[in-house]
Amino acid sequence: MSETSTSVNRGPGAAALRDPTRLSFDLDVDICVVGAGLAGLTVALEAARLGASVAVLEGRHVGWNASGNQLGTVMPGYGLPIGELIERIGFEDARELWALSKEGAEFVRAAATEEQMPGISLSEGALEVSNVDVGERLISQLQMLSEDFETEVEGWQVDRVRSELKTGRYFHGVYYPKAFQIDGRKYVHGLAAMARRAGARIFEDTPVVSVDASGIRKRIVTPSARLRASHIVLAGNIHLGAPLRRLSDTLLPVWRYAGVTEPLGERLNEIIAFKGSVSDTDGIDHFRIVDGDRLMWASPETTWAMRPRRFAGSIARRIRTIFPQLGRVAISDVWGGAIGQTVHGMPQIGQLRKGLWVASGFGRQGLNTSAMAGQLIARSILWGDERWRLFSPFELVWAGGPIGRVAGQIVGIWERGSSATSGALARYRERARIQERLREARLAETNRQAASRPANPRRPPPGRQRPVRPPPAAPPPEPPAPASQGGGETT
Ligand SMILES: Cc1cc2nc3c(=O)[nH]c(=O)nc-3n(C[C@H](O)[C@H](O)[C@H](O)COP(=O)(O)OP(=O)(O)OC[C@H]3O[C@@H](n4cnc5c(N)ncnc54)[C@H](O)[C@@H]3O)c2cc1C
């Protein structure tokens, strides 16, 4: 059973994890990191371990945004599907990028030990399920992942998926035995503690208001202090603000919300036997059992910030849509955070000009990718590791500003709608196939009985055929469900 708790971590005790120290004096360092989320903290930890003097400037507090509000699932790969990655940059480079993404996951595994982060509750295995019947596609994806990309995966047939998750909503699954989950919130604070122990200085409540990256020694200004550094790493996600507006504008901000139910008792484990994380291939649902009998579930998204509590109802309805046997579930806590989506779906990792670095755009899959970015950037600055250049084909593309957000919301609604429609169609086809199989079985049985019956003495004479009774009509198939109107509530 998963021991991970989110509700406990989000309670009043969470504040005790913070001891904000505002920067109020001028400072000279080798590396200044903007942002104390997963990305910034990993850069800081790695660079400090390699001997650099590091200052992290955080406008709010450690893990304030997405990094302190994620579900803790660590998978290999990127938000961009592997096929599209190969199409974009070719097979060899895609393989290298994939290998880097696995290194990122291994970094998290090595850091997230009980000794370093007590209560981190690492548990193994994640399942990616499809909303549509994709048997053929699944086999080729599995072959590619295991043979070409050296990733341990298992293909699960529909029956296996449905014996672990008692719902007709999902079809095939890809099981990643080496993927894992941790308590996400504890991880980000554990990372900060490790970075501090390695010598990095983290200043909270210290927003960066301007950056001058032109000279060899760069200048950073905060409300009450100035810094000079040889390198600046921008790891502020969508919140970088006015001084770096052009960079922020290359990200489409998407707020993702998640909630945790009240304890659901033993019935939860009967309905969901799988103990790792489950996510669907459309990126809509993401859930797992926590605290033994609670369900933690991320689903709705918006392109404007909204109060997370407003989404309690839609999360509960979504759970009921997928697992109606659970009945009405009460949501005890809801939270959310903004992720930065790039136009091409890959993170922004690299050097913008000499000494000015970016680590951003990690989207929904930020744990392994931000860890990898942190390692790559720190090693490039201190060791001359040039592998970050593999990300060069994914240039900074304007995400469309406010118009892009409207478009993003519409595309999001459309994607959820079309995925709901294809899911409904897949379930409709499945029902039709079952009915067809039943019809065939009935016909075969009738034929078998007819063949084994002794010749009927009262058979009508040749030429006068007895009328054949048609097989009973199958019940009319259920029509496909209407397209969702967003919020993930009506699929
Ligand atoms: C509900 C939810 C569930 C998720 N689940 C998962 C999951 O299970 N697995 C997974 O891999 N990913 C998950 N993610 C995605 C993951 O959380 C993000 O990709 C990741 O946290 C991004 O980290 P970051 O450091 O880039 O950004 P952030 O967490 O946004 O950190 C950036 C920090 O920079 C600071 N900042 C910005 N500008 C400035 C400035 N000018 N001066 C000072 N500070 C500044 C901000 O205050 C912020 O604290 C989830 C996200 C959400 C919202």
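Refer to the structure printed above.
Undergrad: Any chance you could break down the side chain of threonine 167 for me, citing the residues and the numbers?
TA: Positionally, threonine 167 belongs in the loop between helix H7 (158-164) and strand E6 (173-181). Polar side-chain contacts of threonine 167 include one of 3.0 Å to the backbone nitrogen of arginine 169. Threonine 167 has contacts with Arg162, Ile322 and Phe323, leaving out every residue within four places of it along the chain.

Undergrad: So what's going on with helix H5 (residues 91-111)? Which residues, and what values?
TA: Here H5 contains 21 residues, and its C-alpha end-to-end distance of 31 Å stays within 8% of the 30 Å for a straight helix at 1.5 Å per residue. Looking only at H5, the buried set comprises Ala94, Leu97, Trp98, Leu100, Ser101, Gly104, Ala105, Phe107, Val108 and Ala111. Down the axis of H5, the sector holding all buried residues measures 165°, keeping them to one side. H5 presents Glu92 and Ala110 as exposed residues on the side facing more than 90 degrees away from its buried surface.

Undergrad: So what's going on with unusual backbone geometry? Which residues, and what values?
TA: Residues other than glycine seldom take positive phi values, yet glutamate 150 does so here, at roughly 45°. Take glutamate 150: it is sitting in the loop between helix H6 (135-148) and strand E5 (154-156). At asparagine 237, a residue that is not glycine, the phi angle is positive and equals roughly 55°. By relative accessible area, asparagine 237 is classed as buried at 18%.

Undergrad: With reference to specific residues and values, describe the site of the ligand.
TA: In the vicinity of the ligand there are 37 residues, among which Glu58, Asn65, Ser67, Gly363 and Leu367 approach most closely. The contact in question runs from a nitrogen atom of the ligand to an N or O atom on the backbone of arginine 364, over 2.9 Å. The contact in question runs from an oxygen atom of the ligand to an N or O atom on the backbone of leucine 367, over 2.8 Å. Burial of the ligand by the surrounding chains reaches 97%, relative to a free accessible area of 1,000 Å². Every element with two or more residues in the shell around the ligand is listed here: helix H3 (38-49) and strand E15 (331-341). Partitioning the shell around the ligand into residue classes produces 15 nonpolar, 18 polar and 4 charged.

Undergrad: Outline the environment of threonine 321, supporting the account with residue identities and numerical values.
TA: If you trace the backbone, threonine 321 turns up in helix H11 (residues 312-322). Each C-alpha atom, one on threonine 321 and one on arginine 169, is 8.8 Å from the other, the two residues being 152 residues apart in sequence.

Undergrad: Residue-level account of the packing of aromatic side chains, with values.
TA: Under the definition given, this model contains 12 aromatic pairs. Where tryptophan 156 meets phenylalanine 274, the ring centres are 5.9 Å apart and the plane angle is 90°; that geometry is what we call edge-to-face. Residue tryptophan 156 is located in strand E5, and its partner phenylalanine 274 is located in the loop between helix H10 (266-271) and strand E12 (277-280); the two are separated by 118 residues in the primary sequence. Taken individually, tryptophan 156 and phenylalanine 274 each receive the classification buried, so the pair is uniform in this respect. Here a set of aromatic residues connected by ring pairs shows up, and it is made of Phe91, Trp98 and Phe149. Taking the ring centre of tryptophan 156 as reference, the NZ or CZ of arginine 160 above it sits at 3.9 Å. The cationic tip of arginine 162 hangs over the ring face of phenylalanine 171; the distance from NZ or CZ to the ring centre is 4.9 Å.

Thresholds applied
Residues numbered from 1 in each chain as written. Predicted model: local features only at pLDDT ≥ 70, side-chain atom pairs only at ≥ 80, totals over all residues. Heavy atoms only, no water. Helix = DSSP H or I, 4+ residues; strand = E, 2+ residues; numbered from the N terminus. Polar contact = N/O pair within 3.5 Å; in protein donor to acceptor, adjacent residues only side chain to side chain. Contact = heavy atoms within 4.5 Å. Expected span 1.5 Å × (residues − 1). Buried < 20%, exposed > 50% of the residue type's maximum accessible area, 1.4 Å probe, protein only. Arc of directions from axis to C-beta. Near = heavy atom within 4 Å. Areas by Shrake-Rupley, 256 points an atom, 1.4 Å probe, with all protein chains shown as cover. Nonpolar A, V, L, I, M, F, W, Y, C, P; charged D, E, K, R; others polar. Phe/Tyr/Trp six-rings, centres within 6.5 Å; stacked < 30°, edge-to-face > 60°. Lys NZ or Arg CZ within 6 Å of the ring centre and 35° of its normal.

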